[in-house]
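# Summary of structural features
Chain residues, written in single-letter form:
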Amino acid sequence: MTDSAHSAADRPIDDDTARRYVGSQIVLFLATLLHALLTWPLSETVALFAGGIVVAFAVEAPAIRAGLFTHYLRPKVAGVPVSILLAWPAVVYLAVRAASLAVEGTVAVAGLAAVLATLADAAVEPNAVRDGAWAYADVLPGPRVRGVPWWNAAGWLGVVFVTALLPTMV
């Protein structure tokens, strides 16, 4: 899908707002990575952060190619903003650490982390769409909440669950 296929409400993000989004995503990544390096085993840190980037790319790139959404943040790799690839494992890390305070067991932690990260995304996503950081196409039927389609939450639940399991596989 081309940028011109979007409505005026889905216009690409302005430069100052884009810099703010990208900057905050990079800071989030660096802060969470530093925390993980200081408090977690190195193998688990590498598994979650490097694996999380790979999982995020493996899900985002095909969805973009399928025309489900368009990102306007830059720089990009195969249509996926680098800052988005960095933000994914950072958000998952925070959700995993929070979930591990509340529940025990690999599957329980991954499940709660998926719910927590999806709720966090639900708070951020509508503003990103409004600000023009990315836009969703009208290719799948179903409800939207403040411009965000239902399948975004379903995707977050699945991708975070899988990513949250990565540290347990080392």
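Presented here is an overview of the structure given in this document. What you see is a predicted model; the values in this text were computed from it and never measured. (Residues numbered from 1 in each chain as written. Predicted model: local features only at pLDDT ≥ 70, side-chain atom pairs only at ≥ 80, totals over all residues. Heavy atoms only, no water.)

### Quick notes on the nonpolar core
Side chains that are nonpolar tend, in soluble globular proteins, to be buried together. So the rule is basically this: By convention a nonpolar core is built from buried Ala, Val, Leu, Ile, Met, Phe, Trp, Tyr and Cys residues, the set being connected through side-chain atoms within 4.5 Å. For every residue, the accessible area obtained with a 1.4 Å probe (protein chains only) is divided by the maximum for its type, and the residue is called buried under 20%, exposed over 50%, and partly exposed between those limits. Strands here are runs of E lasting at least two residues and helices are runs of H or I lasting at least four, both read from the DSSP assignment and numbered beginning at the N terminus. Whether two residues touch is decided by their heavy atoms; if any such pair falls within 4.5 Å, the residues are in contact.
Counting 47 residues, the largest nonpolar core has Leu 73, Trp 88, Val 96 and Trp 134 as its most contacted members. When contributions to this core are tallied by element, the ones reaching two or more residues are α1 (15-39), α2 (42-65), α3 (82-102), α4 (106-131), β4 (134-136) and α5 (150-165). Examining the composition of this core, we find that nine residues originate from one element, α3, more than from any other. Those residues in contact with Leu 73 that sit more than four places away from it in its chain are Ile 13, Ala 18, Tyr 21, Val 22, Gln 25, Pro 81, Ser 83, Ile 84, Ala 133 and Trp 134.

### Some thoughts on the side chain of Asp 121
Put simply, the rule is: Counted as positive: Lys and Arg. Counted as negative: Asp and Glu. His and the chain ends are not counted at all. What makes a salt bridge here is a side-chain nitrogen of Lys or Arg within 4 Å of a carboxyl oxygen of Asp or Glu, nothing more. Polar contacts here mean pairs of N or O atoms no more than 3.5 Å apart (in protein, one a potential hydrogen donor and the other a potential acceptor; neighbouring residues in sequence count only if both atoms are side-chain atoms).
Mapped onto the secondary structure, Asp 121 falls in helix α4. Buried within the structure, Asp 121 lacks any salt-bridge partner; Arg 146 is the closest side chain of opposite charge, at an N-O distance of 11 Å. Of the polar contacts made by the side chain of Asp 121, one reaches the side chain of Asn 152; its length is 2.8 Å. Of note is the side chain of Asp 121, whose polar atom sits 3.2 Å from the side chain of Trp 156. Non-local contacts of Asp 121, meaning those with residues more than four positions away in its chain, are made with Pro 126, Asn 152 and Trp 156.

### Description of the packing of α1 against α2
The condition that has to hold: Note on method: axes are straight lines fitted to C-alpha atoms, helices fitted across the in-contact stretch only, with angles between N-to-C directions ranging 0 to 180 degrees. Roughly parallel here means an angle under 35 degrees, roughly antiparallel means over 145, roughly perpendicular means 65 to 115, and every remaining angle is called oblique. Classification convention: Asp, Glu, Lys, Arg as charged; Ala, Val, Leu, Ile, Met, Phe, Trp, Tyr, Cys, Pro as nonpolar; all other residues, Gly among them, as polar.
Here α1 crosses α2 at 155°, and the two axes come no closer than 9 Å. Of the possible angle classes, the one that applies to α1 and α2 is roughly antiparallel. Listed contacts from α2 to Phe 29, Thr 32, Leu 33, Ala 36 and Leu 37 of α1 are Leu 42, Thr 45, Phe 49 and Ile 53. Taken together, the residues that form the contact of α1 with α2 break down as seven nonpolar, two polar and no charged.

### Observations concerning α4
For clarity, the threshold we go by: Multiply 1.5 Å by the residue count of a helix minus one, and that product is the helix's expected span. What we call the bend at a residue is the angle made by axes fitted to the seven residues finishing there and the seven residues starting there.
Given a rise of 1.5 Å per residue, 26 residues ought to cover 38 Å, and the 37 Å separating the end C-alpha atoms of α4 matches this to within 8%. Bending of α4 peaks at approximately 35° at the position of Val 124, with proline Pro 126 no more than four residues after it. Buried within α4 we find Val 109, Ala 110, Ala 113, Ala 114, Ala 117, Thr 118, Asp 121, Glu 125, Pro 126, Ala 128, Val 129 and Asp 131. On its buried face, α4 is in contact with α1, α3, β4, β6 (148-149) and α5. Note on α4: the residue one or two positions beyond its end, Gly 132, has a positive phi of about 85°.

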